[in-house]
Every structure is written in C-alpha cells, then in structure tokens.
Amino acid sequence: MTEESRHISVVIRRPAEEVYEFARDPENLVAWAAGLATGVRRDGDDLLTDSPMGEVRVRFAPDNPFGVLDHDVTLPDGTVVNNPLRVLTHPDGAEVLFTVRRLGASDAEFERDCATVRADLERLRDLLTH
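Residues numbered from 1 in each chain as written. Predicted model: local features only at pLDDT ≥ 70, side-chain atom pairs only at ≥ 80, totals over all residues. Heavy atoms only, no water.

### What about the environment of Phe98?
With respect to the element layout, Phe98 can be found in strand β8 (residues 93–101). Remark: the alpha-carbon pair of Phe98 and Asn82, spanning 16 residues in sequence, is separated by 11 Å. (Helix = DSSP H or I, 4+ residues; strand = E, 2+ residues; numbered from the N terminus.)

Structure, rendered in structure tokens:
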C-alpha cells in the first residue's frame with residue numbers, strides 16, 4: 001500500500017482570524033468536527049473527546065498568529081496521529097486546509113476518512129456562513 005497524503009480544503013467567506021478562533025475553540029468542536037468529537041471535556045492542555053473511534057486525547061498546537069491548528073490525536077490503542085490543519089488567508093476570506101494521511105489504511109478506509117474530513121470542513125463553512 002502506498003503511503004500518501006491528500007489535502008482537503010474549503011473556502012469560507014469570513015476573515016481567516018475569525019475562522020481560526022471559531023475552529024480552535026473546544027466548545028465548537030462538536031458542532032463541526034463530528035469525525036473527531038461528539039463530546040469534549042478538558043484534561044489539562046488536552047481535550048478528551050468521544051469520537052467514532054472511542055475516547056481519544058487531542059492536543060492542539062498552541063495558540064498562534066499563523067492559523068496553525070495542527071493536532072495530535074491519541075487513539076484508544078495508544079497510537080498518536082498528527083493531523084495538519086491550517087486556516088489560511090484567501091482572497092474570498094479563509095481557506096481551511098486539512099491533510100489526510102493514509103497511514104496504512106485500505107483504499108476504502110482512506111476514501112472514507114477523506115469524505116469524513118470533507119464533511120467536517122463543509123459543516124464548519126456552513127456554520128460560519130449561515
């Protein structure tokens with residue numbers, strides 16, 4: 001199986017700073033990141049989330065002026081997955097870019113992961129533009 005990455009993005013017609021602040025707020029995760037969080041609680045600098053994979057630990061990059069929302073997800077089996085996520089300035093507002101990595105997944109699993117991320121990003125866009 002080839003290890004590959006796929007970049008998935010949406011453009012949101014809102015200022016990049018506003019999108020970044022909304023997306024990084026743990027209180028908003030459940031509203032837009034169903035692939036990661038159906039329930040969220042804090043544990044120090046980490047978030048514990050109820051996810052479709054079971055309870056996972058999430059640690060986001062520190063608050064920063066660059067729109068970096070990279071986060072490590074510790075899966076129930078202890079595997080740590082790094083997820084690059086950026087909010088970029090775009091001529092129409094902001095572009096949110098997530099890199100999905102195959103990490104040994106089958107073709108069907110990889111496509112499902114990409115579809116889940118796309119749905120989450122579209123949900124984020126819809127929340128911020130409606």
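Following the structure, the description resumes.
### Comments concerning helix α3 (residues 107–129)
Spanning 23 residues, α3 covers 33 Å between terminal C-alpha atoms, matching the ideal 33 Å at 1.5 Å per step. Those residues of α3 that sit buried are Phe110, Cys114, Val117, Asp120, Leu121, Leu124 and Leu128. Contact partners of the buried residues in α3: β1 (5–12), α1 (16–24), α2 (26–32) and β8. (Expected span 1.5 Å × (residues − 1). Buried < 20%, exposed > 50% of the residue type's maximum accessible area, 1.4 Å probe, protein only. Contact = heavy atoms within 4.5 Å.)

### A closer look at the environment of Asp126
Positionally, Asp126 belongs in helix α3. On the basis of relative accessibility, which here comes to 33%, the residue Asp126 falls in the partly exposed class. Once the C-alpha coordinates of Asp126 and Ile12 are considered, the two residues, 114 residues apart in sequence, prove to be 8.4 Å apart.

### Thoughts on the environment of Ala23
Following the sequence through the fold, Ala23 ends up in helix α1. As for Ala23 and Ala33, which are separated by 10 residues in sequence, their C-alpha atoms are 9.0 Å apart. Ignoring sequence-local partners within four residues, the contact set of Ala23 consists of Leu29, Trp32, Leu69 and Leu124.

### Brief notes about the side chain of Asn83
Inspection of the secondary structure assignment puts Asn83 in strand β6 (residues 80–83). You can call Asn83 buried: its relative accessible area is 13%. With residues near it in sequence (within four places) discarded, Asn83 still touches Leu69, Asp70, His71, Val73 and Phe98.

### Some details on the packing of α1 against α3
As a packed pair, α1 and α3 sit with axes 11 Å apart at the nearest point and diverge in direction by 115 degrees. Crossing of α1 against α3: the hand is right-handed. Between α1 and α3, the contacting residues are Val19, Phe22 and Ala23 on the first element and Leu124, Leu127 and Leu128 on the second. The residue makeup of the contact of α1 with α3, split by class, is six nonpolar, no polar and no charged. (Axes fitted to C-alpha atoms, helices over the stretch in contact; angles between N-to-C directions. Left-handed = near helix turned anticlockwise from the far one by under 90°. Nonpolar A, V, L, I, M, F, W, Y, C, P; charged D, E, K, R; others polar.)

### Focus: the sheet that holds strand β4 (residues 54–60)
Taken in spatial order, the five strands make up an open sheet running β2-β3-β4-β5-β6, and their pairing is antiparallel. At either end of the open sheet lies a strand with only one pairing partner, and these are β2 (39–43) and β6. Averaged over all pairs of adjacent strands, the angle between their axes in this sheet comes to 25 degrees, without regard to strand direction. As defined by bridge partners, strand β5 (residues 71–74) adjoins β6 across four bridges and the pair is classed as antiparallel. (Pairing = 2+ DSSP bridges.)

### Digging into unusual backbone geometry
In this model, Leu103 sits at a positive phi of 50 degrees, which is unusual for a non-glycine residue. Assignment of secondary structure puts Leu103 in the loop between β8 and α3. In this structure Leu103 comes out as exposed when scored by relative accessible area, which is 54%.

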